[in-house]
Amino acid sequence: MNALDKTLPLIKAFIEKFDRPPIMGVRAPGRVNLIGEHTDYNMGFVFPAAIEKEIRIVASPISAPELRIYSMNFDESVTVPLTDIRPSKDKSWSNYIAGVADELIKSGYNPGGCEMLVWGDIPIGSGLSSSAAMEVAAACLFRRLFNLSDISDRSLALLAQKAENNFVGVNCGIMDQFISMMGWDNHALLIDCRTLNAMLVPMPRRGEISIVICDSNIRRKLTGSEYNRRRLECEEGLNLLKKQFPTITALRDVLPGMWEEVEHTIPDPIRKRCRHVIYENQRALDGAEALENNDLEFFGELMKLSHISLRDDFEVSCPELDCLVRAAWGVEECCGSRLTGAGFGGCTVSIVKNEGIEKFKKRLTENYVKEFSIEPNFIVSQAASGASLLRIPSAIPAF
Ligand code: NG1
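Residues numbered from 1 in each chain as written. Predicted model: local features only at pLDDT ≥ 70, side-chain atom pairs only at ≥ 80, totals over all residues. Heavy atoms only, no water.

1. A closer look at the packing of aromatic side chains
Note the cut-off: Side-chain rings of Phe, Tyr and Trp, where Trp is taken by its six-membered ring, are said to pair if the distance between their centres is within 6.5 Å; with planes under 30 degrees apart they count as stacked, over 60 as edge-to-face, and otherwise as tilted. Two conditions define a charge located above a ring, namely a distance within 6 Å from the ring centre to NZ of Lys or CZ of Arg, and an angle within 35 degrees of the ring normal.
Within this structure, the stated rule accounts for seven aromatic pairs. Taking NZ or CZ as reference, lysine 17 lies 4.4 Å from the ring centre of tyrosine 70, over its face. Positioned above the aromatic ring of tryptophan 329 is the side chain of lysine 304, whose terminal nitrogen or guanidinium carbon lies 4.8 Å from the ring centre.

2. Let's talk about unusual backbone geometry
This is how it is decided: Numbering goes from the N terminus for both helices and strands, where a helix is a DSSP run of H or I of at least four residues and a strand is a run of E of at least two. Type-normalised accessible area, obtained with a 1.4 Å probe on protein chains alone, sets the label of each residue: buried when under 20%, exposed when over 50%, and partly exposed for intermediate values.
In this model, aspartate 268 is joined to proline 269 through a cis peptide bond whose omega is 5°. Summarising the element assignment, proline 269 is placed in the loop between α7 (256–262) and α8 (270–292). Even without a glycine there, the phi angle at aspartate 19 is positive, about 65°. Mapped onto the fold, aspartate 19 is located in the loop between α1 (3–18) and β1 (24–35). When its relative accessible area of 69% is taken as the criterion, aspartate 19 is described as exposed. Positioned with a positive phi, asparagine 147 is a non-glycine residue whose angle comes to about 55°. Within the secondary structure layout, asparagine 147 lies in the loop between α3 (130–145) and α4 (153–168).

3. A word on the sheet that holds strand β11 (residues 377–381)
Rules: A pair of strands is labelled paired if DSSP reports no fewer than 2 bridges between them. To get an axis, a line is fitted to the C-alpha atoms, and for a helix only the part in contact is used. The angle between two axes follows their N-to-C directions and goes from 0 to 180 degrees.
Taken together, the four strands give an open sheet; going across it, the order is β9-β10-β8-β11, and neighbouring strands pair in antiparallel fashion. For this open sheet the edge positions go to β9 (334–340) and β11, each flanked by a neighbour on one side alone. Direction aside, neighbouring strands of the sheet carry axes that sit 20° apart on average. Relative to strand β10 (residues 347–353), β9 runs antiparallel, the two being bridged by six bridges.

4. Details of the site of the ligand
Condition: Each residue is tested against the molecule or strand, and it is near if at least one of its non-hydrogen atoms lies within 4 Å. Two N or O atoms count as a polar contact when they lie within 3.5 Å, although within protein this holds only if one can serve as hydrogen donor and the other as acceptor, and sequence-adjacent residues are included solely when both atoms are side-chain atoms. Note that Gly is not counted as nonpolar here; it falls among the polar residues with everything else outside the nonpolar set of Ala, Val, Leu, Ile, Met, Phe, Trp, Tyr, Cys and Pro and the charged set of Asp, Glu, Lys and Arg. Each domain's limits were defined by an automated method or a database of domain assignments.
Surrounding the ligand, one finds Arg31, Glu37, His38, Asp40, Tyr41, Gly127, Val170, Cys172, Arg220, Tyr227, Gly341 and Ala342. Between the ligand and histidine 38, the relevant distance is 2.6 Å, taken from an oxygen atom to a main-chain nitrogen or oxygen of the residue. Here an oxygen atom of the ligand sits 2.6 Å away from a polar atom, N or O, in the side chain of tyrosine 227. Tallied by class, residues from the shell around the ligand come to five nonpolar, three polar and four charged. Built from parts of two domains, the shell around the ligand gets at least three residues from each of domain 1 (3–201 + 384–390) and domain 2 (203–381).

5. A closer look at the layout of surface pockets
This is how the line gets drawn: A 1.4 Å probe that fits into a set of points on a 1 Å grid over the protein atoms alone but cannot get out defines a cavity; an open set with protein on both sides within 12 Å along at least five of seven lines defines a pocket, and lining residues are those with an atom within 4 Å of a point. Grid points are joined across faces, edges and corners, and a volume is the space filled by probe spheres set on the points.
Estimated volume of the second largest pocket: approximately 220 Å³. Taken together, 14 residues form the lining of the second largest pocket, with Arg143, Asp153, Met181, Ala387 and Ser388 sitting closest to its centre. Residue assignment for the lining of the second largest pocket shows that the elements contributing at least two residues are α3, α5 (175–182) and β12 (388–389). In the lining of the second largest pocket, the residues fall into seven nonpolar, four polar and three charged.

6. Considerations on α8
Note on helix geometry: an α-helix contains 3.6 residues per turn, so any two residues three or four positions apart are oriented the same way. The following threshold applies: Expected helix span is given by 1.5 Å per residue-to-residue step, counting one fewer step than there are residues.
Helix length check: α8, at 23 residues, gives a terminal C-alpha distance of 33 Å against a target of 33 Å (1.5 Å per residue), a fit within 8%. Phi turns positive, to about 60°, at asparagine 294, one or two residues after α8.

7. Concerning the side chain of threonine 365
Definition in use: A contact between two residues is defined here by any heavy atoms of the two lying within 4.5 Å.
Here threonine 365 shows up in helix α11 (residues 357–372). Here the side chain of threonine 365 touches lysine 361 through a polar contact of 2.6 Å, landing on its backbone oxygen. Not counting residues up to four positions away in its chain, the partners in contact with threonine 365 are Glu375, Pro376 and Phe378.

8. Topic: the nonpolar core
We count it as follows: We define a nonpolar core as any set of buried Ala, Val, Leu, Ile, Met, Phe, Trp, Tyr and Cys residues linked to one another through side-chain atoms lying within 4.5 Å.
Counting 82 residues, the largest nonpolar core has Leu34, Phe47, Ile57, Ile97, Phe142, Ile211 and Ile351 as its most contacted members. Looking at which element gives the most residues to this core, the answer is α3, with ten residues. Taken domain by domain, the makeup of this core includes at least three residues from each of domain 1 (3–201 + 384–390) and domain 2 (203–381). If we skip the residues at most four places from it in the chain, leucine 34 touches Phe47, Pro48, Ala49, Ala188, Met203, Ile211, Leu291, Phe299, Met303, Arg338, Val349 and Ile351. Residues Ile248, Val262, Val277 and Ile278 belong to the second largest nonpolar core, which totals 22 residues.

9. Considering the side chain of glutamate 226
Along the polypeptide, glutamate 226 turns up in helix α6 (residues 223–244). Take glutamate 226: its relative accessible area is 15%, and that puts it in the buried class. Of note is the side chain of glutamate 226, whose polar atom sits 3.0 Å from the side chain of arginine 229.

10. Here's the deal with the domain arrangement of the protein chain
The line we're drawing: Once two parts are brought into contact, the accessible area they lose, counted with a 1.4 Å probe and summed over both, makes up the buried area.
Each assigned domain of the protein chain is listed here: domain 1 (3–201 + 384–390) and domain 2 (203–381). Here domain 1 and domain 2 have C-alpha centroids that lie 27 Å from each other. Roughly 3,300 Å² of surface becomes buried between domain 1 and domain 2 when both sides are summed, with 60% attributable to carbon and sulfur atoms. When the buried surface of domain 1 facing domain 2 is broken down by residue, Ile35, His38 and Tyr41 rank first, second and third, together holding 20% of it.

This is how it looks when you write it as structure tokens:
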């Protein structure tokens, strides 16, 4: 299917809804983190890739100072007055768009009114960042529609993150908006969460391997409280380590060699939490280098070590994720597999040789159904490009 084929149904639905064609369209992808988990809030490195699941928005400006938003997925409409933007309680999907407009206005910009139609195929609540994709798509759309071209991609990603922090009320880091904006076809992105420097790394063996995401269908119930507890434990570890290394300001400053000298002085469970972060940070760096060198075997080993560390030291896995990862490790064509995201449910990410994908899906499904009587869902993707404009034909074909 070419790109326009995917856009035409949105154009048709827009015309039905708003009685005229859209003049502009954007897309922004979801993402999966390949390695570097629970390192972002310790100022360390993460290594995500954008995936071939995305949010699309088509729109046209209007003179009234309001956003008229229609969600195709929810079949719901919301009107947001730009002079008085407030979060919606019952149509919370619209807050990711309204929040971006709010941040733009707070930053001194002047977005105008428009009619928008939103559509997406990123599963919601699976840890694949559908919310960041919606924010980034909205931010790119407003920039283009209202001539705010002095805002750089990087500033726009930061603005989208602020919308999530301030308007939606989720205290996320920058990874999700950054990769949704900056992703590149067939590349993963090593991001330094302290400096925001980022390096694109080509995925090896194009056409031979895929990223396979497996949704455990276990919703992440404990994520909020346990996630916050891990963050506090990392802070506690940092404060203990500062006594021995007074110049450090984040766990990312503690290199494995430094850690080995002092590990015995730190009590559990703080010791285990710090150990995960310090080595995981190194694994993210080593992982980027491994892919750069086409060394999928080493990358797979690092993924395995990452999962074991998340399971035993950071203690954020669960029996369901462990079952899926164990099954994946047993498939010959699987180069590496681990849980991805915060943990406590959600998805695993694996790198699988294309010829083994069907066998991989079958094996994971059999094992998982046998142990938990739950069917997992799969997404097979290549690393995708970041946000971009959609081609909207000037002559709309007759529908
Ligand atoms: P997921 O589970 O992908 O939403 C969460 C955090 C990330 C990061 C990871 C763990 C949010 C919105 N995101 O990601 O910033 O800390 O856990 O690596 O809280």
